[in-house]
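# Architecture and fold: a report
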Amino acid sequence: VRKQRGGRKIVVSCPVSLANSWMASVIARFGCDYGDASVTLHARIWEDDAPDIADIILTSRHEMALTRQDIWLWRDEMVVVCAPSYQVSGAVLNDPAQLTQARLIYNLGRPESWNDILAHYGQIPGKPIQSTQTNAFSNALALASEGYGVAAVPRRMVQSYLDRGLLKAPFGQGFPSPWIM
């Protein structure tokens, strides 16, 4: 926390989906501990243009793109989620085999995710029956919670939706992804 002009300030930059989920609870806890500090949360899509945009910059990178200068905090765990009542061909989604017939919500920043997920569950990746694309996990979460389809999102971004019963993880625990925060 920097001291500036008589006050303590910090600027955090992170992906918009992380800002809308996990980071909100982190900043709330920080505010309780440091009530006199001012926080600016810079939510962004993709990566920052200027390295001096914030005091702390969180960026998600594929493990193959990491450099020696990168300090990573965690490996993402991907979780398949949908609305509790979401159905595929008239049946509530509860079997990974149903994914090949489900409306899958793709994240443009991680186009390989659904193929990895299908392979993880022993399904043959192929062209989905129906799909939707979005550039932010927060959009995928909103669409899935409205019953529009099935999303695959990092655990840290989905936990509050699961806790409130807006989404369910029909296959239980997630699995490691090649993306690092």
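An account of the accompanying structure is given in this report. (Residues numbered from 1 in each chain as written. Predicted model: local features only at pLDDT ≥ 70, side-chain atom pairs only at ≥ 80, totals over all residues. Heavy atoms only, no water.)

## Examining the pattern of salt bridges
Worth spelling out the cut-off: What counts as a salt bridge is simple: a side-chain nitrogen of Lys or Arg found within 4 Å of a carboxyl oxygen of Asp or Glu. A run of DSSP states H or I qualifies as a helix once it reaches four residues; a run of E qualifies as a strand once it reaches two. Both are numbered from the N-terminal end. Throughout, exposure labels follow a simple rule: accessible area from a 1.4 Å probe, protein chains only, divided by the maximum for the residue type, with under 20% read as buried, over 50% as exposed, and the rest as partly exposed.
Summed over all chains, the structure comprises three salt bridges. Ionic pairing is found between glutamate 63 and arginine 75, a salt bridge with its closest N-O pair at 2.8 Å. Residue glutamate 63 is located in the loop between strand S5 (61–62) and strand S6 (75–81), and its partner arginine 75 is located in strand S6; the two are separated by twelve residues in the primary sequence. Of the residues examined, glutamate 63 reaches a relative accessible area of 33% and is grouped as partly exposed. A relative accessible area of 36% means that arginine 75 is categorised as partly exposed. Of the charged contacts, one joins arginine 110 and aspartate 76 as a salt bridge, the two residues approaching to 2.8 Å between their closest N and O atoms. With arginine 110 in the loop between strand S9 (103–107) and helix H3 (113–120) and aspartate 76 in strand S6, this residue pair connects regions lying 34 residues apart in the sequence. Residue class for aspartate 76 comes out buried when judged on its relative accessible area of 5%.

## Regarding the packing of helix H4 (residues 137–145) against helix H5 (residues 155–163)
Selection rule: For helices, the fitted axis covers only the stretch in contact; all axes are lines through C-alpha atoms, and the angles between them, taken along N-to-C directions, range from 0 to 180 degrees. When describing relative orientation, an angle under 35 degrees is termed roughly parallel and one over 145 degrees roughly antiparallel, while 65 to 115 degrees is termed roughly perpendicular and anything else oblique. Two helices crossing with the near one rotated counterclockwise from the far one by less than a right angle form a left-handed crossing, whereas a clockwise rotation gives a right-handed crossing. Should any heavy atoms of two residues lie within 4.5 Å, those residues are considered in contact. Residues are sorted three ways: Asp, Glu, Lys and Arg are charged, Ala, Val, Leu, Ile, Met, Phe, Trp, Tyr, Cys and Pro are nonpolar, and all the rest, Gly among them, are polar.
Axis separation between H4 and H5 bottoms out at 11 Å; the angle between their running directions is 30°. Judged by the angle between their axes, H4 and H5 are roughly parallel. Both H4 and H5 take part in a crossing whose hand is right-handed. Residue-level contacts link Phe137, Leu141, Ala142 and Ser145 of H4 to Met157, Val158 and Tyr161 of H5. Here the contact of H4 with H5 is built from residues that sort into six nonpolar, one polar and no charged.

## Overview of empty space enclosed by the protein
For clarity, the threshold we go by: A 1.4 Å probe that fits but cannot get out identifies a cavity on a 1 Å grid over protein atoms alone, an open set with protein on both sides within 12 Å along at least five of seven lines counts as a pocket, and a residue lines either if it has an atom within 4 Å of a point. Grid points are joined across faces, edges and corners, and a volume is the space filled by probe spheres set on the points.
Using the criterion set out here, one finds one cavity of 30 Å³ or more in the structure. In this model, the largest cavity occupies a volume close to 50 Å³. Looking at the largest cavity, the residues that line it are Met78, Ile105, Tyr106, Asn107, Arg110, Ser113, Trp114, Phe137, Ala140 and Ala152. With three residues, the single largest contributor to the lining of the largest cavity is S9. Within the lining of the largest cavity, the residues separate by chemical class into seven nonpolar, two polar and one charged.

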